[in-house]
Amino acid sequence: MNKADMVEGVSKLTGSRVESQRIVDFLFNAMREALRKHEKVVVQGFGSFHIVMRKAKKGRNIKTGQEVLIPARPAIKFRKGKDFM
């Protein structure tokens, strides 16, 4: 399922594809902004999204074989809810 499929599904309820597009865009933008602020996003019965910091680690340049340091960075983690499946 992709974003267009979601818009199509919501449009069956609202009757308007334009309104459905605005609703889906609003939801994704709200989730994106909350995660940027390192807030937890919880969708009851589905799961939660939160930010975790990945540790810095050693990597290797494939072309030269030289070791490089990959810096610590934030990543999004999903934890499924009880009713997920």
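Residues numbered from 1 in each chain as written. Predicted model: local features only at pLDDT ≥ 70, side-chain atom pairs only at ≥ 80, totals over all residues. Heavy atoms only, no water.

What am I meant to see in the pairing of strand β4 (residues 67-70) here?
One face of the sheet, then the other: side chains in a regular strand alternate in exactly this way. Where strand β3 (residues 57-60) meets β4, four bridges bridge the pair, whose relative direction is antiparallel. Bridged to K58 within β4 is L69. Once β3 ends, the chain turns through six residues before running back antiparallel as β4, passing G65 with a positive phi of about 80°. (Pairing = 2+ DSSP bridges. Helix = DSSP H or I, 4+ residues; strand = E, 2+ residues; numbered from the N terminus.)

Looking at this structure, how should I read unusual backbone geometry?
Glycine aside, residues mostly have negative phi, and peptide bonds are mostly found in the trans state. The residue H38 is not glycine, and still its phi comes out positive at about 60°. Examined against the element boundaries, H38 turns out to sit in the loop between α2 (17-36) and β1 (41-43).

What am I meant to see in the packing of aromatic side chains here?
Where two aromatic rings form a pair, the distance of their centres and the angle of their planes describe that pair. This model, assessed by the stated rule, comprises four aromatic pairs. Ring geometry for F49 versus F78: centroids 4.9 Å apart, planes at 45°, classification tilted. Taken as a pair, F49 in strand β2 (residues 47-54) and F78 in strand β5 (residues 73-80) lie far apart in primary sequence, 29 residues in all. By the ring-pair criterion, three or more aromatic residues cluster together here, those being F46, F49, F78 and F84. (Phe/Tyr/Trp six-rings, centres within 6.5 Å; stacked < 30°, edge-to-face > 60°.)

Honestly, a nonpolar patch on the surface in this entry has me stumped. Any pointers?
Together, V43, F46, F78, F84 and M85 make up an exposed nonpolar region whose accessible area comes to about 500 Å². Locating F46 in the fold gives a position in the loop between β1 and β2. (Patch = residues over 30% accessible without salt bridge, like charges linked within 9 Å, V, L, I, M, F, W, Y side chains within 5 Å. Areas by Shrake-Rupley, 256 points an atom, 1.4 Å probe, with all protein chains shown as cover. Salt bridge = Lys/Arg side-chain N within 4 Å of Asp/Glu carboxyl O.)

What am I meant to see in the pairing of β2 here?
Pairing of β1 with β2, which is carried by three bridges, proceeds in the antiparallel orientation. The residue bridging V43 from the neighbouring strand is G47, located in β2. Joining the antiparallel neighbours β1 and β2 is a turn of three residues, in which G45 adopts a positive phi near 85°. Where β2 lies against β5, eight bridges are found, and the strand directions are antiparallel.

Explain the packing of helix α1 (residues 3-14) against α2 to me, please; I cannot follow it from the model alone.
How two helices pack is summed up by the angle between their axes together with the distance between the axes. Between α1 and α2, whose axes approach to 8 Å, the crossing angle comes to 125°. The orientation of α1 relative to α2 falls into the category oblique. Viewed along their axes, α1 and α2 form a crossing whose handedness is right-handed. On α2, the residues touching K3, A4, M6, V7, E8, V10, S11 and T14 of α1 are R17, S20, Q21, I23, V24, D25 and F28. (Axes fitted to C-alpha atoms, helices over the stretch in contact; angles between N-to-C directions. Parallel < 35°, antiparallel > 145°, perpendicular 65-115°, else oblique. Left-handed = near helix turned anticlockwise from the far one by under 90°. Contact = heavy atoms within 4.5 Å.)

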